[in-house]
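Coordinate inspection notes
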Amino acid sequence: MPCEMQQRRWEHRYCNMWKSLVAAVALAAAIGSTHAASAVNKDAETRTLIVTEGGSKSDLALAAGETVEFCPNGCFVTLPNGDLEALTGSETVEISGGVARIK
Amino acid sequence: MPLPLVSRQQIMLFRLLRLILILALVVSAPPSFDAMAQALGQGAAGLITDQQKVIQGLTAKTDDLEKKIQQDGEDDAALVDIRLQLEDLSRAALTSALAFRSRLTDINNRIEVLGPPPAAGQPQEPDIVTGERQALASEKAEINAVVASAQNLSIRISGLVDKIGNMRSALFRNLLTKRYVLSDALSPEVFSDAHDEYANLYKAVSSWLIFAFKFKFKAILAATFVALGLALVLLVGGRRLFGRVFEADPTVEQPSYLSRLSVAFWSTLLPSLAVSVFLASTVFLFNYYNVLRGDIGVFLNALAAVIAVVFGVNRLTNAALEPRLPNWRLIPVETGPARWLVRLTTAMAVVIGVNYFLSIVNDKMGSPLSLTIARSFGATIIFGVILILMAMLRPFRARDGSWRPWPAWLRYMALALGLFTIAAALLGYIGLAIFVSVQVLVTGTILITSYIGFLSARAIGEEGAFADTSVGRWLSANSSYDDAALDQLGLAVSVAINLMIVLVFLPLILLMWGFQPGDIEAWAYRLATGITVGSVTISVTGILSGIIVFIIGYFLTRWFQGWLDGSVMARGKVDTGVRNSIRLAVGYSGVALAALVGISAAGIDLSNLALVAGALSLGIGFGLQNVVSNFVSGLILLAERPFKVGDWIVAGDVSGTVKKISVRATEIETFQRQSVILPNSNLINNAVGNWTHRNKLGRVDIKVGVAYGSDVKKVHAILTEIARGHPMVLKNPEPFVLFSNFGAAALEFEIRVFLADVMNGNIAQNDIRFAVLEKFNGEHIEIPSMPRAVVEVRKPEAWPTDDDKIEADFVEQEQAKVEAAAEAKKLAKTGRKARKPDPD
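Bear in mind that the values here come from a model prediction, so they are computed numbers and not experimental data.

Within chain B, the regular secondary structure consists of 27 helices and 12 strands. Taken over 840 residues, chain B has a buried fraction of 23%. Here the analysis covers contacts within chain B between residues at least 6 apart in sequence; of these, 73% occur between residues at least 24 apart.

Now for the overall build of chain A. When its secondary structure is counted, chain A shows one helix and eight strands. Walking chain A from its N terminus toward its C terminus, one meets helices and strands in the order α-β-β-β-β-β-β-β-β. Looking at the 103 residues of chain A, the share that counts as buried comes to 27%. Considering only contacts in chain A between residues 6 or more positions apart, those separated by 24 or more positions represent 41%.

Attention now goes to the sheet that holds strand β11 (residues 736-742) of chain B. Residue and element names in this part refer to chain B. Across the sheet, three strands lie side by side as β10-β12-β11; this open sheet has antiparallel pairing. Each having just a single partner strand, β10 (698-706) and β11 make up the two edges of the open sheet. The sheet shows a mean angle of 25 degrees between the axes of neighbouring strands, direction not considered. Taken together, the nine bridges between β10 and strand β12 (residues 747-755) define a ladder with antiparallel strand orientation. Residue Gly705 lies in a different strand from β12, and its bridge partner there is Glu748. Lying over the sheet, helix α26 (residues 761-779) contacts β10 and β12, oriented at roughly 25 degrees with respect to β10.

Core analysis: the largest hydrophobic core is formed by 65 residues, its most contacted members being Ala320(B), Leu341(B), Phe383(B), Leu387(B), Ile430(B), Ala433(B) and Val436(B). Broken down by secondary-structure element, the contributors of at least two residues to this core are α9 (217-246), α10 (257-288), α11 (296-321), α12 (335-365), α13 (369-392), α14 (408-427) and α15 (430-461) of chain B. The contact partners of Leu341(B), leaving out residues within four places of it in the chain, are Thr317(B), Leu321(B), Val333(B), Met390(B) and Leu393(B). Within the second largest apolar cluster, 38 residues are counted, among which are Leu49(A), Leu79(B), Ala97(B) and Ile143(B).

Let us look at helix α5 (residues 101-114) of chain B. Between its first and last C-alpha, α5(B) extends 20 Å over 14 residues, near the 20 Å set by a 1.5 Å rise per residue. In the segment just after α5(B), Gly115(B) is the residue with positive phi, at about 80 degrees.

Here we come to the pairing of β11(B). Residues and elements named next belong to chain B. Sheet analysis places β11 next to β12, joined by six bridges and oriented antiparallel. The residue of β12 that forms the bridge with Leu738 is Glu750. Hairpin connection between β11 and β12: a loop of four residues separates the two successive antiparallel strands.

Let's shift gears to the pairing of strand β8 (residues 99-102) of chain A. Residue and element names in this part refer to chain A. Two strands pair when backbone bridges link them, and strand β7 (residues 92-96) and β8 are joined in this way by four bridges, in the antiparallel orientation. Note that in β8 the partner of Glu94 across the bridge is Arg101. Between β7 and β8, which pair antiparallel and follow one another directly, the connecting turn spans two residues, one of which, Gly97, has a positive phi of 65 degrees.

Residue and element names in this part refer to chain B. Spatially, β8-β7-β6-β5-β9 is the arrangement adopted by the five strands of the open sheet, whose pairing is antiparallel. Bordering the open sheet on either side are β8 (675-679) and β9 (688-690), each of which pairs with just one other strand. With direction set aside, neighbouring strand axes in the sheet form an average angle of 40 degrees. Sheet topology note: the strand β6 (residues 654-661)/strand β7 (residues 665-670) ladder contains five bridges and is antiparallel. Residue pairing across strands places Lys660 opposite Glu667, the latter belonging to β7.

Residues and elements named next belong to chain B. Residue-level pLDDT values for chain B average 81, and 87% of them are 70 or greater. By mean pLDDT, the top-scoring element of chain B is β12 (93), and the lowest-scoring one is helix α2 (residues 35-40) (41). pLDDT under 50 marks residues 1-9. Its contacts with residues more than four places away, or in other chains, come to 26 contacts. Across residues 25-42, confidence stays below pLDDT 50; counting only partners more than four residues off in sequence or on other chains, it has 24 contacts.

All right, on to unusual backbone geometry then. Residue and element names in this part refer to chain B. With an omega dihedral of 0 degrees, the bond running from Asn732 to Pro733 counts as a cis peptide bond. For Arg641, which is not a glycine, the phi torsion comes out positive at approximately 55 degrees. Assignment of secondary structure puts Arg641 in the loop between α23 (625-640) and β5 (648-651). You will see that His780, though not glycine, has its phi angle at about 60 degrees, which is positive.

Residue and element names in this part refer to chain A. Mapped onto the elements of the fold, Leu60 is located in strand β3 (residues 56-62). It is 6.0 Å that separates the C-alpha atoms of Leu60 and Ile50, two residues lying 10 residues apart in sequence. Not counting residues up to four positions away in its chain, the partners in contact with Leu60 are Ala39, Thr48, Leu49, Val51, Val68 and Phe70.

In this model helix α21 (residues 576-601) of chain B runs 37 Å from its N-terminal to its C-terminal C-alpha over 26 residues, within 8% of the 38 Å that 1.5 Å per residue would give. In this fold, the buried residues of α21(B) make contact with α20 (540-571) and α23 of chain B.

This part is about the confidence of the model for chain A. Residues and elements named next belong to chain A. When pLDDT is averaged along chain A, the result is 70; 64% of the residues meet or exceed 70. When mean pLDDT is taken per element in chain A, strand β5 (residues 75-78) scores highest with 86 and helix α1 (residues 9-31) scores lowest with 49. Below a pLDDT of 50 lies the segment residues 1-17, which in the model reaches 20 contacts outside its immediate sequence neighbourhood of four places, other chains included.

Here we come to the packing of α11(B) against α12(B). All names here are of chain B. Interaxial distance between α11 and α12 falls to 9 Å at its minimum, and their mutual angle equals 170 degrees. Classified by the interaxial angle, the pair formed by α11 and α12 is roughly antiparallel. When its residues are assigned to classes, the contact of α11 with α12 shows 18 nonpolar, six polar and one charged.

This paragraph deals with the environment of Ala100(A). Residues and elements named next belong to chain A. Summarising the element assignment, Ala100 is placed in strand β8. With 22 C-beta atoms packed within 10 Å, Ala100 lands in the buried category. Non-local contacts of Ala100, meaning those with residues more than four positions away in its chain, are made with Leu79, Pro80, Val93, Glu94 and Ile95.

Each pair of packed helices can be summarised by the angle the axes make with each other and by the distance between the axes. Residues and elements named next belong to chain B. At a minimum axis separation of 9 Å, α10 and α15 run at an interaxial angle of 145 degrees. With respect to the hand of their crossing, α10 and α15 are arranged in left-handed fashion. Facing Tyr257, Leu258 and Leu261 of α10, the residues of α15 in contact are Leu455, Ser456, Ala459 and Ile460. Broken down by class, the residue content of the contact of α10 with α15 amounts to six nonpolar, one polar and no charged.

The rules behind the values
- Residues numbered from 1 in each chain as written.
- Chains lettered and ligands numbered in written order.
- Predicted model: local features only at pLDDT ≥ 70, side-chain atom pairs only at ≥ 80, totals over all residues.
- Helix = DSSP H or I, 4+ residues; strand = E, 2+ residues; numbered from the N terminus.
- Buried ≥ 20, exposed ≤ 12 C-beta atoms within 10 Å, placed from the backbone.
- Contact = placed C-beta atoms within 7 Å.
- Pairing = 2+ DSSP bridges.
- Axes fitted to C-alpha atoms, helices over the stretch in contact; angles between N-to-C directions.
- Core = buried A, V, L, I, M, F, W, Y, C linked by C-beta atoms within 7 Å.
- Expected span 1.5 Å × (residues − 1).
- pLDDT = per-residue confidence, 0-100.
- Parallel < 35°, antiparallel > 145°, perpendicular 65-115°, else oblique.
- Nonpolar A, V, L, I, M, F, W, Y, C, P; charged D, E, K, R; others polar.
- Left-handed = near helix turned anticlockwise from the far one by under 90°.

Pasting the structure below:
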């Protein structure tokens, strides 16, 4: 039913409000869709990941309990156990007990 | 030989396309990688060899591309193409490495289950366990080797991309600084070259035409008609849809800026779109029917692009300058100069377009360098002259009628640019001249468009302007926004437009000036995901999403409130006081919830907030004591409901009706229409009288004194009779007449009557007092009074002598009476109801 045909005034008003709400949700969805990979260190000591991104290798040191966002467009990561993994840029690397897991 | 002059223009267009692509990418979700899903179904051993092959293939392609970089090192467009291919390869390498993830996870899990190998002193483990561990370790090593090769490939590709970037900037520098020897290019030989080329072109086109008419005549006719039909549908449909805003109405004296803008916009967009659709569909259909042959397709493409651009530029300048209708002009220049400006701009577009088309022809025909140089030379010289002519125009008229030039900075800048182009061309720096002229044209167009955008933003932001737009009219008709709200909305819209212009046009200009899209993308990304200051990360998207979540929560709360109040509780016949309380409570809790969710959505850690709140609470305890106590009192008022909106309450000196109960204070309107804001703690801590708490029943006392010597029994009877006889007085509780006192001057009585609605107290009192006085007069009962002031009565005036004056006065009085009667009638007509007097 179009908003103009609503009987009561408040219904009429909230009907229009719904439209703006839908627009806002669409906007939020559009904004919320950019992500990067994130790494969480749940250990009590600093852990290091080696990140290869854009042609250069760099060490990513994670302090105890720290969460870091990195690698927005895909990269290679050397995990603490020596494994080499590729990331697309939407994963979460969780380090606990010296072992990294990709979720 | 392909000349950089040609490719530079193509790259301009190409860059624009790239930007649009990037914008689309930013909006859409990141691409998903299907390789993982595919990999799950494959066997472990097959997986490694498969991916090894994939990576070998990618490496081979990369080798090819590296060779191509060396070969095509002079061609900018080819380099860009190679870069895009390399980026694809890099993504493919990443995807192939991704295929190992699930297998690697399985291996790691298995190794964890098997545990570490036994140390020296410990008992031996079974051989099968050792064997499996070794097998797993070797498989893992193989996988790591493959992933490492993918990583190396991606590093190599990154290096190549960097190299391409360097080569391109070197090419660009070379283009700008390369000097051609004009005396060679502009020799008479050029004319014979040009003639040869023209002959070649003529031959190609005419042979194609003969072929087309002989074998493909029907196809050509069909294609042309279909394309024409499409364009007509678009044009006619557009006219029907936007007809009202499409054409400038010459009868309108002073159209608003916004209507001028919308006319300009639609009258540019629709015809340009129609022409573009016609050209594009013609080319497409010609391709589809295989009408095109050899290089003709390329020529036709270029020709279509040039026609579309020239037509669009002409429409745009016509719409913005409206040489025929001064009222509808967007940029306030005079009529004559407006006509000249349209001509000059169109000429500029034609020059650049023809140059572009000829460059394509030269390229395809493999014409000599001298011809290319001569063509570019001519085009840049003409362009410079047109620019200078534009700068010399005097487009404005002063009050005294004399012509005024452009503002000095604009005039001198255009002059300098025109002279620079001509000078560069004359000195042989053709590449530089072409570059500058294209830059001037494109940047100028972008700047003028954004300037018009700014003007429209300003027009919307003006007071009352937004309410006049169609959106504003729609809003005011369909929602409860009043003028002030619409005005603020207009302001917000104008700010948003300004922001949008900066967001859209700034990257465009940066792009035109040679910044790489990657740079802009990286900046946008950094701005969106967060700037880290110390340990705090401020991210625009975070804050925006927090605000949006809060707004959504707020509207949801309001909607829920309205729904609860308007349909559930109204139909459930809930008492208004309860309704009000529930509505307020729902509102406060909803907004609080929305704020909390919004804060966490903005990425602000709530535990940090708790820390701050803990530190502040001491301060709050001292400083905000009153506010907090009022707030708590407000909550108690909502729960306990000693009074509701509309009640007549007496709190201390204040007596009036309750208008609004909010968290900190309650608004009371006295009967003199004074709003009193009473802090809620006052209403909780002190006694509050409420006349209309459970019901509106109330007692009214009327004192009557009679003279000593009156018949008190008779007085009592009369008073009782009067009290009982009044229609507003309740029968139960019965009215009661109290003989209250032997007063100093009178025997005092008190009529006590109960009314169903104490708000009617004054009416009842008045009626009863009038009745008492009347009855006492009839029964000759005296009401004693204190000594009264003696009023001297004036003697009547003598018989008037001036008849004319009396008559005039009389007429005046009569007229005043008539006017007063008319006024009263008008008031009655407006439907103003006679209002009940206030009870106090």
